[in-house]
Amino acid sequence: MNNPFWKVLIADDEPVIREGIRDSVNWSSLQMEVKAEAEDGEEALELALEHSIDILLADLNMPIMDGIALIKQIREKLPQCKIVIITGHDEFTYAQEAVRLNVTDYILKPADPNQLKQVLESVRLELETSVKQDQYIEMASNQISKNLSMLREQFCRDWIEGRLEIADIQKQLQFLELPLRSPELFAVLQCPEYFANKPLMKEKEKQMFMFSIENIVSELLDPYNKVIFRDETGLIIIILWKYVPDEMFKRIEKVIQEYLKMTINMYVELVEGELEEVSVVYRQCKDLMKNELTISPIVRRARQYIETHFAEPTITLELVAKTLQVSPVYLSRMIKQELGMSFVSLVTNMKMKKAIQLLNSTDLPIVEIAEQVGYDTQHYFSTAFKKVMGVSPIKYRKNSGEIKWDNSY
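Residues numbered from 1 in each chain as written. Predicted model: local features only at pLDDT ≥ 70, side-chain atom pairs only at ≥ 80, totals over all residues. Heavy atoms only, no water.

As a reminder of what qualifies: UniProt positions are given in the numbering used here, feature names are shortened, and annotations may be inferred rather than shown by experiment.
Looking at an unreviewed UniProt entry, the chain carries the name Response regulator, with the source organism given as Metabacillus rhizosphaerae. Word for word, the UniProt comment on the chain under Subcellular location (unreviewed entry) is "Cytoplasm".

Dropping the structure here:
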């Protein structure tokens, strides 16, 4: 404590009582100092606030403002102040009301020096304990603030692995200053090909690349409420509490490619459901990542090209095959074999995924959404959408996107 002396105020309308209390105690030995004396409650309140006192010794029967009224004011305006009441034997019933106001102790008139010293020593111990508690709480708060990012990451690992109950998730979200609701998007990112092609890369260098990826992602997603961390297998996980346009994720891939010369695999999924749904989405993304490792470079490049150009009316199997310098028949067979669907279904799925994102996150008219995903007319789009989803785009939007679909390609 900067000031080693606790500040004391004596309030009593009898000068002889004030003098007796002041002169019967060696205040400095108790690390206390009498800062002021008052003869009525109103003056006592004014002096207490002026000096920010730590200890109030107050008579119950005082003019203008009695002791009970004074104690109530002190409790409200100086909640940490310790209060000792001065009372006579015939006022004890009255003193019980003061006890209910959480006074620390009482002394009987005339003040016995030994009793007064014992009471004040007890008060000092309470004040010192309170200061230590405040210091420990402040230290803990500072440690939590310094390690908030690490604590959030560990919580999210437990969350996605399904190790937490709903009540625990809600408490942790509040404690870690995260939104008290289910996130909107869940993304998983990895770059297996890059490291597979560099078998002699040292672990330290590999970790530097991973940190670089995380920094790029964090910088580009800076405006969004998020947590970025690595799961127990080394996948980079991004949990977002606000919708992020597809263009932003494409930009992340482009920047990583440009600055780190790495091609990444990224899956971004909508989180549809309550807090426990996060672990389900995580498992789905992890399964997709595992499947990704079995996909050949030619199919991966074809899919990346389609993801960029699916809304263009000129997109055809022949065009993609020509771009990749392979035969259409070969490319069609490889897509069917590795992704389990035809070229046309792959393009349609990408259109539908984009359409669903626009329906969920924007108020765009259906005709504009149809145009953005590459359909000439709203009717043609609605027919294709209903064939895939089982309902029209309008009905899907009315149901707030409750209808789910399997878009794992």
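## With respect to the packing of aromatic side chains
For any pair of aromatic rings, the description consists of the separation of the ring centres together with the inter-plane angle of the planes. What counts is decided by this rule: Centres within 6.5 Å are what make two rings of Phe, Tyr or Trp a pair, Trp counting through its six-membered ring; a difference in plane orientation under 30 degrees is then read as stacked, over 60 as edge-to-face, and the rest as tilted. Here, over-ring charges are defined by two tests on the NZ atom of lysine or the CZ atom of arginine: distance to the ring centre within 6 Å, and angle to the ring normal within 35 degrees.
As enumerated under the stated definition, the model contains 7 aromatic pairs in all. In this structure, Arg 230 packs its charged tip against the face of Phe 211, placed 4.8 Å from the ring centre. The ring centre of Tyr 375 lies 5.0 Å from the NZ or CZ of Lys 351, which sits over that ring.

## What to know about helix 2 (residues 41-51)
In plain terms, the rule: Note on classification: 1.4 Å probe, protein chains only; a residue is buried when its accessible area is under 20% of the maximum for its type, exposed when over 50%, partly exposed between these limits. Each helix is a run of H or I in the DSSP string that is no shorter than four residues. Each strand is a run of E no shorter than two, and both are numbered from the N terminus. Whether two residues are in contact is decided by their heavy atoms, any of which lying within 4.5 Å being enough. Pairing of N or O atoms within 3.5 Å defines a polar contact, subject to two protein rules: one partner must be a possible hydrogen donor and the other a possible acceptor, and residues neighboring in sequence count only if both atoms are side-chain atoms.
Where helix 2 is concerned, the buried positions are Gly 41, Ala 44, Leu 45, Leu 47 and Ala 48. Residues of helix 2 that are buried sit in contact with strand 1 (6-11), strand 2 (32-38) and helix 3 (67-77). The residue sitting at the N-terminus of helix 2 and contributing the capping side-chain oxygen is Asp 40; that oxygen lies 3.0 Å from the backbone nitrogen of Glu 42. Looking one or two residues beyond helix 2, the residue adopting positive phi is Ser 52, at roughly 50 degrees.

## Examining the packing of helix 9 (residues 203-220) against helix 10 (residues 246-260)
Selection rule: To obtain an axis, a line is fitted to C-alpha atoms, over the contacting stretch when the element is a helix, and the angle between two such axes runs from 0 to 180 degrees between their N-to-C directions. Between 65 and 115 degrees an angle is taken as roughly perpendicular, under 35 as roughly parallel, over 145 as roughly antiparallel, and anywhere else as oblique. A crossing counts as left-handed when the near helix is turned anticlockwise from the far one by less than a right angle, and as right-handed when that turn is clockwise. Basically, the charged four are Asp, Glu, Lys and Arg, the nonpolar ten are Ala, Val, Leu, Ile, Met, Phe, Trp, Tyr, Cys and Pro, and anything else, Gly included, counts as polar.
One can describe the packing of helix 9 onto helix 10 by two numbers: an axis separation of 10 Å at closest approach and a directional angle of 140 degrees. The angle between helix 9 and helix 10 places the two elements in the oblique class. By crossing handedness, the relation of helix 9 to helix 10 is classed as right-handed. Contacts between helix 9 and helix 10 pair Phe 209, Ser 212, Ile 213, Ile 216, Val 217 and Leu 220 from the former with Met 248, Arg 251, Ile 252, Val 255, Ile 256 and Leu 260 from the latter. Of the residues belonging to the contact of helix 9 with helix 10, the class tally is 10 nonpolar, 1 polar and 1 charged.

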